[in-house]
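# Inside the fold
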Amino acid sequence: MKPIENVTYWRDPELEGVEICRVDGSRHIFPDHSHDGIYAIGMMESGGSYCLGPEKSYSLVSAGQIALINPNQVHSGVPVSDKQISYRMIYFDMRLMAAAAGDISRQPTAIPEFPYMVVGDPLLWCCLQRFCRVVQGPGDRLEKESAIMDVMSHLVPFCANGKAESMPLRSAARSIRHAKAFLSEHLDRKVSLEDVARAAGLSRYHFLRVFKRETGLPPHLFRTLRRIDQARQLLRDGQPLAQTALTLGFSDQSHFTNTFRKYTGATPGQYLSESSN
């Protein structure tokens with residue numbers, strides 16, 4: 001077997017049951033194998049590979065296509081003509097996927113199962129790539145957990161027993177008021193999607209849909225903007241930069257400065273300068 005070249009894994013300690021793998025320029029041949037209790041979602045970025053060996057041509061996943069592998073489903077990975085391939089894999093724990101499917105359908109559901117191994121869907125592709133960028137980026141727990149529910153809302157409809165239930169367009173003002181108050185009152189600590197959804201009295205999936213519909217913003221961005229508003233006041237009140245970053249729960253002073261500049265167009269120092277507009 002040929003070695004795997006240029007392989008990198010990402011894991012976030014706050015996101016249990018999620019792992020991302022990026023492989024660049026590999027000729028590795030995977031024999032038949034399976035993943036116990038794990039969904040494997042593959043995005044072929046260049047080249048092509050057979051998921052069930054060359055003798056089963058329908059299992060070929062080509063550039064721009066997605067492989068959907070169920071837990072314990074035997075599969076292989078055989079590059080076409082032994083050429084280099086580049087791809088990205090996302091691994092979801094079965095319990096995480098099942099819980100998300102229950103949230104989305106708003107009813108107890110059997111373990112989701114993909115009926116097709118290879119699909120070509122540009123919307124799902126873009127959603128999976130966006131998910132990888134968020135999880136591998138510097139965002140906070142709320143943003144990353146929201147990204148999980150977003151990608152699940154696109155994956156679950158591809159399952160044989162997965163159907164997202166539409167939510168009535170009824171008034172959700174009270175639920176959103178509770179959620180906004182919760183987010184605004186906990187700017188100094190990490191909060192989970194489950195925490196905020198519980199405050200709103202909604203499931204995680206439906207909370208995200210309603211919050212975005214009612215406010216025009218995802219909850220993590222609403223929270224970031226509230227932090228910046230509060231930072232302006234604290235800085236004007238004379239609180240030191242480092243203390244302001246700590247008070248508002250930023251990971252460090254650099255993270256605070258970069259975020260402040262992103263949304264105000266000025267560094268904290270420029271914001272306080274008498275010469276700045």
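As shown above, the structure is provided for reference.
To keep things clear, this report deals only with the structure shown in the data block. Predicted model only: the values in this text are computed from it and were never measured.

About the thresholds
- Residues numbered from 1 in each chain as written.
- Predicted model: local features only at pLDDT ≥ 70, side-chain atom pairs only at ≥ 80, totals over all residues.
- Heavy atoms only, no water.
- Pairing = 2+ DSSP bridges.
- Helix = DSSP H or I, 4+ residues; strand = E, 2+ residues; numbered from the N terminus.
- Contact = heavy atoms within 4.5 Å.
- Core = buried A, V, L, I, M, F, W, Y, C linked by side-chain atoms within 4.5 Å.
- Buried < 20%, exposed > 50% of the residue type's maximum accessible area, 1.4 Å probe, protein only.
- Axes fitted to C-alpha atoms, helices over the stretch in contact; angles between N-to-C directions.

Two elements, strand E4 (residues 38-46) and strand E9 (residues 85-93), share 8 bridges in a ladder whose sense is antiparallel. Its bridge partner lying in E9, glycine 42 is registered against methionine 89. Relative to strand E7 (residues 66-69), E4 runs antiparallel, the two sharing 4 bridges. For glycine 42, the partnering residue across the bridge sits in E7 and is alanine 67.

Before going further, it helps to examine the environment of glutamine 73. Within the element layout of this structure, glutamine 73 appears in the loop between E7 and strand E8 (75-79). Contacts of glutamine 73, omitting those with residues within four sequence positions, involve His33, Ser34, Leu68 and Met117.

Turning our attention to the nonpolar core. In this structure, Ile41, Ile66, Ile90, Phe92, Phe131, Met152 and Phe207 are the most contacted members of the largest nonpolar core, which totals 51 residues. Of the residues forming this core, the biggest block, 8 residues, is contributed by helix H2 (residues 122-136). Discounting residues that sit within four places of it in the chain, phenylalanine 207 has contacts with Ala179, Leu193, Val196, Ala197, Ala200, Leu202 and Pro219.

Sheet architecture is open: 6 strands sit in the order E1-E2-E9-E4-E7-E10, paired in antiparallel fashion. What marks the edges here is a single partner per strand, and that holds for strand E1 (7-10) and strand E10 (118-119). The strands that helix H1 (residues 94-105) touches are strand E2 (18-26), E4 and E9; relative to E9, the one it contacts most, it runs at about 70°. Sheet strands in contact with H2 are E1, E2, E4, E7, E9 and E10, and its direction is about 105° off that of E4.

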